[in-house]
Amino acid sequence: MNRFKVSKFRHTEPRQPRREAWIGDIRAGTAPSCGNHIKASCSLIAFNSDHPGVLGIVPLESQGEDKRQVTHLGCHSDLVTDLDFSPFDDFLLATASADRTVKLWRLPLSGQALPSGPGLLLGPEDAQVEVLQFHPTADGVLLSAAGRAVKVWDATKQQPLTELATHGDLVQGAAWSRDGALLGTTCKDKQLRIFDPRAKPEAAQSTPAHENSRDGRLVWTGTQEYLVSTGFNQMREREVKLWDTRLFSAALTSLTLDTSPRSLVPLLDPDSGLLVLAGKGENQLYCYEAAPQQPALSPVTQCLLESALRGAALVPRRALAVMGCEVLRVLQLSDTAIVPISYHVPRKTVEFHEDLFPDTAGCVPASDPHAWWAGSDQQVQRVSLHPARRAHPSFTSCLAPPAELTPATAQPAGTPEGFSSTPSSLTSPSTPSSLGPSLTSTSGIGTSPSQRSLQSLLGPSSKFRHAQGSVLHRDSHITNLKGLNLTTPGESDGFCANQLRVAVPLLSSGGQVAVLELRKPGRLPDTALPTLQNGVAVTDLAWDPFDPHRLAVAGEDARIRLWRVPPDGLQEVLTMPEAVLTGHTEKIYSLRFHPLAADVLASSSYDLTVRIWDLKVGAERLRLQGHRDQIFGLAWSPDGQQLATVCKDGRLRIYEPRGSPEPLQEGPGPEGARGARVVWVCDGHYLLVSGFDSRSERQLLLYSAKALAGGPSAVLGLDVAPSTLLPSYDPDTGLVLLTGKGDTRVFLYELLPEAPFFLECNSFTSPDPHKGFILLPKTECDVREVEFARCLRLRQTSLEPVAFRLPRVRKEFFQDDVFPDTTVSWEPALSAEAWLGGANGTPRLLSLQPPGMTPAAECHGGEAGEPGGPAPTGLLRRRGRGRVGLACAPACTPAASSLALHCRLQESLVPPRTSRLSLKLEATSWPWHTSFQKPHLSVDSNFL
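The rules behind each value
- Residues numbered from 1 in each chain as written.
- Predicted model: local features only at pLDDT ≥ 70, side-chain atom pairs only at ≥ 80, totals over all residues.
- Heavy atoms only, no water.
- Buried < 20%, exposed > 50% of the residue type's maximum accessible area, 1.4 Å probe, protein only.
- Helix = DSSP H or I, 4+ residues; strand = E, 2+ residues; numbered from the N terminus.
- Pairing = 2+ DSSP bridges.
- Core = buried A, V, L, I, M, F, W, Y, C linked by side-chain atoms within 4.5 Å.
- Contact = heavy atoms within 4.5 Å.
- Axes fitted to C-alpha atoms, helices over the stretch in contact; angles between N-to-C directions.
- Polar contact = N/O pair within 3.5 Å; in protein donor to acceptor, adjacent residues only side chain to side chain.
- pLDDT = per-residue confidence, 0-100.

S.K.: Can you help me understand the pairing of strand β51 (residues 677-681) in this one?
M.R.: The side chains of a regular strand alternate, first on one face of the sheet and then on the other. With respect to burial, β51 is a largely interior element, 5 of its 5 residues being buried. Both faces of β51 are covered, namely the face carrying Arg677, Val679 and Val681 and the face carrying Val678 and Trp680. The antiparallel hairpin formed by β51 and strand β52 (residues 686-692) contains 4 residues in its connecting segment, where Cys682 sits at a positive phi of about 55°.

Right under this line is the structure:
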């Protein structure tokens, strides 16, 4: 800006609203990507939540005095890396993800529920999609950058119009010029490139941008020839440069800010030329005016933030409060709130100021993909921002047509119209969210309000509630794993393992499966691994539990291939399987080996049948029917006599395969049709189903195996996420581990055959999303360290063992309450011929007690509360108003250390005649985490 022309924005001031105007009660997440993590249209705001693959959606403006409610949209099976609203359709959202796909979503209008699936799907790409942006003039054209590739898509045909020439390294930023004719990119190879995608795929111009290869971004100004880039110089100082594409060998001007590891997010308003620079993780916003004519980047103002910035976005100019001289509005995404920061130019009169608000681009596109690709450069008609002349026509894109107007059902109180779930749906309750009518209390305590309050205070808790999950030392990891296949069905574990090996599908053509030796951890070679060549894409795979060298692989060609892995491991590529099972007519979905009989395998397929195979003769022996839609999952009962399936038609079925091809029982399954899994629990008396409800919330349903028709005995709502929860059940402890592909959290619950059915335990959280999570055989656990479960966690490039342990003080004793005799799962109880002939078997049991360890239950002697003596139990008795006594009685379980127990009960009477009780227990030197029980408190029935 020269001294002869004074900027009209020189007095611009940022205004932060009061906390009441913040959009609170959110939990934001920041994916390691090049995106801004938040975007806004004239109607909605979308942002990354703390759940991978899930976006938060909230209205831009509040409706009256009602508080804005955040809803959650499960978009992808992995992190959402970038997102963008259509410049023409406020309710059309595009999302990009680390799962290598791009999806377009039609967000709801008033009175509609959130979509259960995308309107369009683009991809998958060869790498995670980093950048996504709609075309500024043509509806249906958008660009994506994944790895070194940049594509321009015709979304109406779901095909790329062109793929630009490969960049030298990872593409960090890409953006359209304001007229939509040119496209600029920044790359990790430090080059700034300009493309004319309709002329040729090669770069029209290229120049060194910033001397450091760290995060580089770019934005175009309102004039086609000029753009702004941000990055780092050789001294790791953050810098901003203004470029003229006609003189591209050097920047017109540059600006050095400071030394900081935080990358800059450039937000530029093309109409005003105001540039806001936001540093992720910082507490300050810089505002500059980009004036290409001078040329200059002139400082305007700075704004100190109350909380660290996780992402930032500009509100479209058509949504600004122009009568208040609001020239810019920045949405700051923090950990727990979205803060709108308004930039105002102070003026004396309350009127529309033409100099501050020139006409801006309207919401009606100038062309379609075909016309634009044919060479049309027609521009979007500009509209006035004057409130009296703001008769802006609305536009609805044909990319994802709106659904028929059907009112959203069962909306919670306080939920704004057009949204179908509340923020509370992201909590993880430890009690069932809804219970069937058959549930009754079995605790022996009455049902008065005060007694229910005390029951919730002193109710049952799991001895595994303090379980600790931890990743084992890096020496036990398998690293440098490349080219994982992430396209297996969501209900498939994605990989499988036994005590010797792990089989992992690869993305390479030909349905390749890598077989890795668990006894040989370390870094895999950079060269190609020897694999099993299946010839078609793999849908599921499973190791034979009784033959650790045999692997069954299901393919999209409706065939099952049986592979024999050499005892010393896979040394070369195998192309010929040991046997091929044919019979299904559609793609196979799931494989499950029989738990007791050798050579018996069950498979489900898109042909709506379940087939049971005799592998010894390589033939189909039984076929189960009765399904009316896709079979999501199947599971054998522990005794191998029954088989359960869960289906997309919303039904749960139990079969006796040797008795009839039709289901023995049938009952209602999960309401949602996005996916489900089933597993037998509680010694085969119950079925646990993981699925979705009608609002896409993930939930667990527990059914009695003898009464499916009556519906679930208990339902537990967990969270909102796009991936199906994959359950791994340990019958020895009654624990189920649940997680989904792309999740970072593993839920642990102890399952009971009576109320409250679910006992929540400590969950395991990983720093990055996993691609799969499976339970290893019990014999892999380190019993001496009270390790009750060992799992394998599949990451993008490695395999990590995860140990779940119970903290105990006296580890020198064998914790027999944690380690009952376990099933010898690697020995068959009967042959396939015998089982098919009607015989049943009983598995052999094995003690897990290591040699030389004494069971804790055999440690006797001493008085109650003394070392080696029995632990006391307490009986609360009323001694008078507000006073309660603790009577200790001997228990059969010995204590391992002295006990000083203090019980203090405080009572507050709340009319009419109800009590609120709070109980505080303090123990000194009490071995809470030993195998010995902690003091048990029971309430006298006459207490209240």
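S.K.: Sorry, what's going on with the nonpolar core here?
M.R.: Looking at soluble globular proteins, one finds that nonpolar side chains tend to be buried together. The biggest cluster of nonpolar side chains holds 28 residues, and the ones touching the most others in it are Val276, Leu285, Val327 and Tyr343. Setting aside residues no more than four positions away along its own chain, Val327 makes contact with Phe9, Thr12, Asp269, Leu274, Arg317, Leu320, Tyr343, Val345, Leu356 and Phe357. Phe464, Ala467, Leu735 and Leu806 belong to the second-largest nonpolar core, a separate cluster that totals 22 residues.

S.K.: What exactly am I supposed to notice about the sheet that holds strand β10 (residues 129-134) here?
M.R.: The strands that make up a sheet are held in pairs by hydrogen bonds between backbone atoms, and each pair lies either parallel or antiparallel. With antiparallel pairing, 4 strands are arranged side by side in an open sheet as β10-β11-β12-β13. The strands lining the two open edges of the sheet, one partner per strand, are β10 and β13 (159-163). Between one strand axis and the next, the sheet turns through 25° on average, direction left out of account. Where β10 lies against strand β11 (residues 141-146), 5 bridges are found, and the strand directions are antiparallel. Its bridge partner lying in β11, Phe134 is registered against Leu142.

S.K.: Explain the side chain of Thr739 here, please?
M.R.: Following the sequence through the fold, Thr739 ends up in strand β56 (residues 735-739). At 2.8 Å, the side chain of Thr739 and the backbone oxygen of Arg745 are in polar contact. Here the side chain of Thr739 touches His770 through a polar contact of 2.8 Å, side chain to side chain. Leaving out residues up to four positions away in the same chain, Thr739 has contacts with Thr724, Leu725, Leu726, Arg745, Val746, His770 and Phe773.

S.K.: Is there a simple way to think about the sheet that holds strand β21 (residues 253-259) in this case?
M.R.: Overall, antiparallel pairing links the 4 strands, which are arranged β18-β19-β20-β21 in an open sheet. Taken across any chain shown, the strands that pair with only one partner, and hence form the sheet edges, are β18 (217-220) and β21. If you compare each strand with its neighbour and ignore which way they point, the axes differ by 15° on average. As paired strands, strand β19 (residues 226-232) and strand β20 (residues 237-244) are joined by 7 bridges and run antiparallel to one another. If you follow Ser229 over to β20, its bridge partner there is Lys241.

S.K.: Where do I start with the confidence of the model for the protein chain in this structure?
M.R.: Caution applies to low-pLDDT parts of the model: their predicted coordinates are not meant to be read in detail. With 83% of its residues at a pLDDT of 70 or more, the protein chain shows a mean pLDDT of 82. Below pLDDT 50 for its whole length, residues 860-944 participates in 179 contacts with residues either more than four positions away or in separate chains.

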